[in-house]
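Coordinates in review
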Amino acid sequence: QGGGLRLDGRVLRVDPALSRDQAQQLQGESGGSRPRTGTRNLYLAREGAIRPGSQAAEGVSDSDMAKRARFEELKRRRLQDPNIGVSRTRLCLHNLPKALDTPRLRALLRRVLRHNGGAPPHIKECRVMRELRGQGQSLGFAFVEFEAHEEALGALRRLNNNPELFGPHKRPIVEFALEDRRKLRLREQRIQRGLLKAKAKAAESARPPEPPQGPTEPPKGSDGQAPPAKAPPAKAPLTKVPPAKAPSGPPGSPWAGFRTQGPGGRGAPGTPRNKVLAVPSHRGPKIRKRDKGKAQPPPSKPPKP
């Protein structure tokens, strides 16, 4: 009836049964992995994290480790807001030299991230943050956005804690940027309004111009003379930055810090799903498995001033 077999008003869907071998073959063709749930990308918050006592922390100055601890604490507080997520393509670069501006940073990234002499990754945005709405001194950090997630991940693992860029005592601190969904929604609305205004302006410019009604004269000041032309603003003096050589190590260098496993899921049926930690569950020096449960020596007190 009605193009199918019905049972209590429901149309039954009848498929041929498959053997166990055929079912495993279909599961292998489909990938057999489930993507991570959630849209905040919390697993990327641990990428590049460096703990005291680990191999990546060897040779890092105390000031850089203090900065990393402060940034990790700020990230932990911000991620408590459910509206805050981790971007997949946008990076935040800290601990940059004050003399490094946006064009030089873009050129440095294109030179360092070039793969075996090939084409550099496509950089959508590169901006060094400055005081006074971009006209003052550099604040020492920048935002860089790439076209694909793989390019951003490779750049983070290549640049983070690299001692060959600006010297071993001032290593860049690179992490995935945090994004606020509410601000992203407002930004999308501004972009849409700008597109509508651009279309309206293009439609007005396409109309034939109207003939002028009468002779037009240039505007004059209060004394009857034309106002003087404005002089162009003076440019700020540029400070030379020592040229940074390209790192010789591969993207998986030992200084890069913690590496995420990427979006994954179950392996064989019955195995538990990979646990996703937004930030490290333990803060402070790394504790080996053999030292767990043992009494740790008390930290040494700093000398009195």
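Criteria and cut-off values
- Residues numbered from 1 in each chain as written.
- Predicted model: local features only at pLDDT ≥ 70, side-chain atom pairs only at ≥ 80, totals over all residues.
- Heavy atoms only, no water.
- UniProt positions renumbered as here; feature names shortened; annotations may be inferred.
- Buried < 20%, exposed > 50% of the residue type's maximum accessible area, 1.4 Å probe, protein only.
- Helix = DSSP H or I, 4+ residues; strand = E, 2+ residues; numbered from the N terminus.
- Arc of directions from axis to C-beta.
- Polar contact = N/O pair within 3.5 Å; in protein donor to acceptor, adjacent residues only side chain to side chain.
- Salt bridge = Lys/Arg side-chain N within 4 Å of Asp/Glu carboxyl O.
- Contact = heavy atoms within 4.5 Å.
- Pairing = 2+ DSSP bridges.
- Expected span 1.5 Å × (residues − 1).

You'll find the chain entered in an unreviewed UniProt entry as RBM28 protein, with Onychorhynchus coronatus given as the organism. What UniProt states about the chain under its Subcellular location (unreviewed entry) heading is, verbatim, "Nucleus".

Thoughts on helix α3 (residues 102–112)
Every α-helix winds through 3.6 residues per turn, so residues three or four apart in the chain are directed the same way. All of the buried residues along α3 are L105, L108, L109 and V112. All buried residues of α3 fall inside an arc of 95° around its axis, so they share one side. A side-chain oxygen of the first residue of α3 lies 3.2 Å from the backbone nitrogen of R104; this N-cap is D101.

A few points about the pattern of salt bridges
Going through the model one piece at a time under the given rule, you end up with ten salt bridges. A salt bridge links R13 to D15; its shortest N-O distance comes to 3.3 Å. No difference in accessibility class separates R13 from D15, as the two residues are exposed. One salt bridge in this structure joins E47 and R157, with 3.0 Å as the shortest N-O distance. Here E47, found in the loop between α1 (20–29) and α2 (62–78), pairs with R157, found in helix α5 (residues 149–159); they are 110 residues apart in sequence, far enough to count as distant. In this structure, E47 and R157 share a single accessibility class: buried. Each of E72, K75 and E175 takes part in a single network of salt bridges with overlapping partners.

Structural notes on unusual backbone geometry
A negative phi holds for most residues other than glycine; trans holds for most peptide bonds. In this structure, D8 takes a positive phi of about 55° despite not being glycine. Inspection of the secondary structure assignment puts D8 in the loop between β1 (6–7) and β2 (10–11). The backbone of N161 sits at a positive phi, close to 60°, despite the residue not being glycine. You can call N161 buried: its relative accessible area is 1%.

As for the side chain of N161
Structurally, N161 can be placed in the loop between α5 and β6 (173–180). In this structure the side chain of N161 is engaged in a polar contact, spanning 3.1 Å, whose partner is the backbone oxygen of A56. When near neighbours in sequence (up to four residues on either side) are disregarded, N161 contacts I50, A56, V60, R68, R171, P172 and W255.

A closer look at the pairing of strand β3 (residues 84–94)
A large share of β3 lies buried, amounting to ten of its eleven residues. The pairing of β3 with β6 spans seven bridges and is antiparallel. Looking across to β6, one finds that V86 is bridged to L178. The pairing of β3 with strand β5 (residues 138–146) spans four bridges and is antiparallel. Bridging across to β5, C92 finds its partner in F143.

Things to note about α2
Taking 1.5 Å of rise per residue, 17 residues should cover 24 Å, and α2 covers 25 Å from first to last C-alpha, within 8% of that figure. The set of residues buried in α2 consists of D64, M65, R68, F71 and K75. For α2, the angular spread of the buried residues around the axis is 125°, confining them to a single face. Facing away from the buried side of α2 by more than 90 degrees, the exposed set consists of D62 and R77. Buried residues belonging to α2 abut β3 and β6.

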